[in-house]
Amino acid sequence: MARYVGLDLGTAYTRIWTLENGIVLRSPTAAAMDSQTHQLVALGAEARRMLGKTPENILTFRPVRDGVVTDLEVTARMLDAFFANKKLRTTLRRPAVLLATPYRITEVEQLAVENAIMSAGARAVAQVPAIFAAATGANLRVTSPRGCMILSVGGGITEAAVISAGGIISARSAKLAGERFDMAIINYLKHRRNLLVGDATAEALKVRVGVADPTATPSLKEGEMEVCGRDSVTGLAARKVVSSQEIYEALAPSLDAVARIALSALENVPPEISGDVQTFGIMLCGGSALLPGLAKAIARRTGLRVTLAADPLDCVIRGLGMIIRKPTIWGDELQDRIRSIL
Ligand SMILES: Nc1ncnc2c1ncn2[C@@H]1O[C@H](COP(=O)(O)OP(=O)(O)OP(=O)(O)O)[C@@H](O)[C@H]1O
Ligand SMILES: [Mg+2]
């Protein structure tokens, strides 16, 4: 009996779903290897903590960038280790894999990621657009002939799609998401506070005191966090308190860009379907949707109602599971792809 596996290979997190046990793995997409022996020395969260902090004999990798696999060998090694992970409630030997991929992936990139998954031991691989899986996992009625809209803001990419009758009517994908939010915070602090901070500090600020809309917090002035960095003028170590107001200001231009991505997915959509989206609004998912007030911030900028999905981090992987469980209810093209791995 074949084992069916859903795989969401994200810029920040890798998630695995199995037919027997549902979601069995959520792990940072990171690995560390010995530079001499090429043995894996750390994986997932442990490897992520080592990024940029290892001695010369250990190399750290983040093999997926902006939603696309950029290091095939490391991806294959990482997946092989994930598939063989003893802690999973099931062992994944020669699985048939349904992979979620960015909407604008090229054929070369598609082949490359399939090769990496096959060399990790998979028996077969089929791909579905991650944004379709996300809409499914967010419980939008993707097979109904009523238009619906999904906006996913992840770690590396933001994707927006209008879906009707089991197919994508229009979609947009852009390399602007959580990691670009972190960059915006780094740049803001450098220019406004003469403070240099690293990626991890910027992400911590975003997660702990970040706000996308002023109404998401009783007071923008009260949220604050002390961070350590380097003073860009004196070059010395510095500790400074950063407020929610500052993170809000730092992120505003990126949120404008996210709203533009959503609106551009609505361009040239047939009027009936566009009318459905006007009526029912946008469903918001992806890890960055956890930023307090993001739904409101996008609603203000687009003039559309925006609803936050339940468990926004897991919509894609949950959707892959739903697709695998009921292969016959989707559009012909998707059914053909699923049949190819059965
Ligand atoms: N509470 C939070 N507030 C703001 N951002 C958050 C929060 N929690 C997680 N994030 C951000 O969510 C992002 C990860 O989201 P997600 O897991 O959806 O990405 P991914 O699927 O790995 O990436 P992608 O789909 O873009 O390739 C990270 O940038 C992280 O900083
Ligand atoms: Mg993702």
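Residues numbered from 1 in each chain as written. Chains lettered and ligands numbered in written order. Predicted model: local features only at pLDDT ≥ 70, side-chain atom pairs only at ≥ 80, totals over all residues. Heavy atoms only, no water.

Engineer: Let's hear about the overall build of the protein: which residues, and what values?
Structural biologist: Counting its secondary structure elements, the protein contains 11 helices and 18 strands. Taken against the 2.2 N^0.38 rule, which gives 20 Å for 342 residues, the C-alpha radius of gyration of the protein at 21 Å falls within 12% of a compact globule. Across its three principal axes, the protein shows a C-alpha extent of roughly 65 × 60 × 35 Å. Within the protein, buried positions represent 53% of all 342 residues. Considering only residue pairs separated by 6 or more positions, the protein has 62% of its internal contacts joining residues 24 or more positions apart. Accessible surface, the protein as shown: approximately 15900 Å² in total, 51% of it carbon and sulfur. The positive charge centre, built from 40 side chains, and the negative charge centre, built from 33, are 4 Å apart in the protein. (Helix = DSSP H or I, 4+ residues; strand = E, 2+ residues; numbered from the N terminus. Rg over C-alpha atoms; globule rule 2.2 N^0.38 Å. Buried < 20%, exposed > 50% of the residue type's maximum accessible area, 1.4 Å probe, protein only. Contact = heavy atoms within 4.5 Å. Areas by Shrake-Rupley, 256 points an atom, 1.4 Å probe, with all protein chains shown as cover. Lys, Arg positive; Asp, Glu negative; His and termini not counted. Charge placed at Lys NZ, Arg CZ, Asp CG, Glu CD.)

Engineer: Talk me through the pairing of strand S1 (residues 4–9); I want residue IDs and the actual numbers.
Structural biologist: Burial analysis of S1 places 6 of its 6 residues in the buried class, the great majority of the element. Across the two faces of S1 the burial is the same, with Tyr4, Gly6 and Asp8 and Val5, Leu7 and Leu9 all buried. With 5 bridges joining them, S1 and strand S9 (residues 96–101) adopt parallel strand pairing. Residue pairing across strands places Val5 opposite Val97, the latter belonging to S9. As consecutive antiparallel partners, S1 and strand S2 (residues 13–18) are separated by 3 residues. (Pairing = 2+ DSSP bridges.)

Engineer: Report on the packing of helix H7 (residues 244–266) against helix H9 (residues 294–302), specifying residues and quantitative values.
Structural biologist: Relative orientation of the contacting elements H7 and H9 amounts to 65°, with a least axis distance of 9 Å. Considering how the two elements wind past one another, H7 and H9 form a crossing that is right-handed. On H9, the residues that touch Ala252, Leu255, Asp256, Val258, Ala259 and Leu263 of H7 are Leu294, Ala297, Ile298, Arg301 and Thr302. For the contact of H7 with H9, the per-class residue count stands at 8 nonpolar, 1 polar and 2 charged. (Axes fitted to C-alpha atoms, helices over the stretch in contact; angles between N-to-C directions. Left-handed = near helix turned anticlockwise from the far one by under 90°. Nonpolar A, V, L, I, M, F, W, Y, C, P; charged D, E, K, R; others polar.)

Engineer: Account for the side chain of Asp314, with residues named and values stated.
Structural biologist: Along the chain, Asp314 falls in the loop between strand S18 (306–308) and helix H10 (315–325). Setting aside residues up to four positions removed in sequence, Asp314 forms contacts with Arg15, Ile23 and Arg26.

Engineer: Give me the lowdown on empty space enclosed by the protein, citing residues and values where you can.
Structural biologist: The final tally for this structure, using the stated rule, is 1 cavity of 30 Å³ or more. Taken as a whole, the largest cavity holds about 30 Å³ of empty space. Lining the largest cavity are Thr11, Ala12, Pro28, Thr29, Ala30, Arg48 and Arg62. Tallied by class, residues from the lining of the largest cavity come to 3 nonpolar, 2 polar and 2 charged. (1 Å grid on protein atoms, 1.4 Å probe; cavity = no way out; pocket = protein on both sides within 12 Å on 5 of 7 lines; lining within 4 Å. Points joined across faces, edges and corners; volume = space filled by probe spheres on them.)

Engineer: Describe the domain arrangement of the protein, and please don't skip the residues or the numbers.
Structural biologist: Note on interface size: it is often stated as the accessible area lost on association of the parts. Along its sequence, the protein is organised into domain 1 (4–132 + 316–339) and domain 2 (140–309). Using only C-alpha atoms to locate each centre, domain 1 and domain 2 end up separated by 25 Å. Facing the 15 residues of domain 1 at the interface are 19 residues of domain 2. Both sides of the domain 1 and domain 2 interface together cover about 1400 Å² of buried area, and 64% of this is carbon and sulfur. Run the count over domain 1 and domain 2 and you get 2 salt bridges. Across the pair Glu203 and Arg48 runs a salt bridge, and its minimum N-O distance is 2.8 Å. Connecting domain 1 to domain 2 are 4 residue pairs in polar contact (both at pLDDT 80 or more). Considering every element that reaches the side of domain 1 that touches domain 2, the biggest residue donor is helix H4 (residues 130–137), with 3 residues. Grouping the amino acids of the side of domain 1 that touches domain 2 by side-chain chemistry returns 8 nonpolar, 3 polar and 4 charged. (Domains from an automatic or database assignment. Buried area = accessible area lost by both parts, 1.4 Å probe. Salt bridge = Lys/Arg side-chain N within 4 Å of Asp/Glu carboxyl O. Polar contact = N/O pair within 3.5 Å; in protein donor to acceptor, adjacent residues only side chain to side chain.)

Engineer: Break down the sheet that holds strand S12 (residues 158–164) for me, citing the residues and quoting the values.
Structural biologist: Pairing is mixed across the open sheet formed by 5 strands, whose spatial order is S13-S12-S11-S17-S18. Strands at the two margins of the open sheet, each flanked by one partner only, are strand S13 (167–174) and S18. Taken over all neighbouring pairs, the strand axes of this sheet differ in orientation by 20° on average, direction set aside. Where strand S17 (residues 282–285) lies against S18, 3 bridges are found, and the strand directions are parallel.

Engineer: How would you sum up the nonpolar core? Please name residues and give values.
Structural biologist: The biggest cluster of nonpolar side chains holds 46 residues, and the ones touching the most others in it are Met149, Leu151 and Leu205. Top element by residues in this core is H7. It accounts for 10 residues. Here Leu151 is in contact with Thr158, Glu159, Ala160, Val258, Ala262, Ile282, Met283, Leu284, Cys285 and Ile298, once residues within four sequence places are set aside. The next biggest cluster of nonpolar side chains, apart from the first, holds 35 residues, and it includes Ala124, Val142, Trp330 and Ile338. (Core = buried A, V, L, I, M, F, W, Y, C linked by side-chain atoms within 4.5 Å.)

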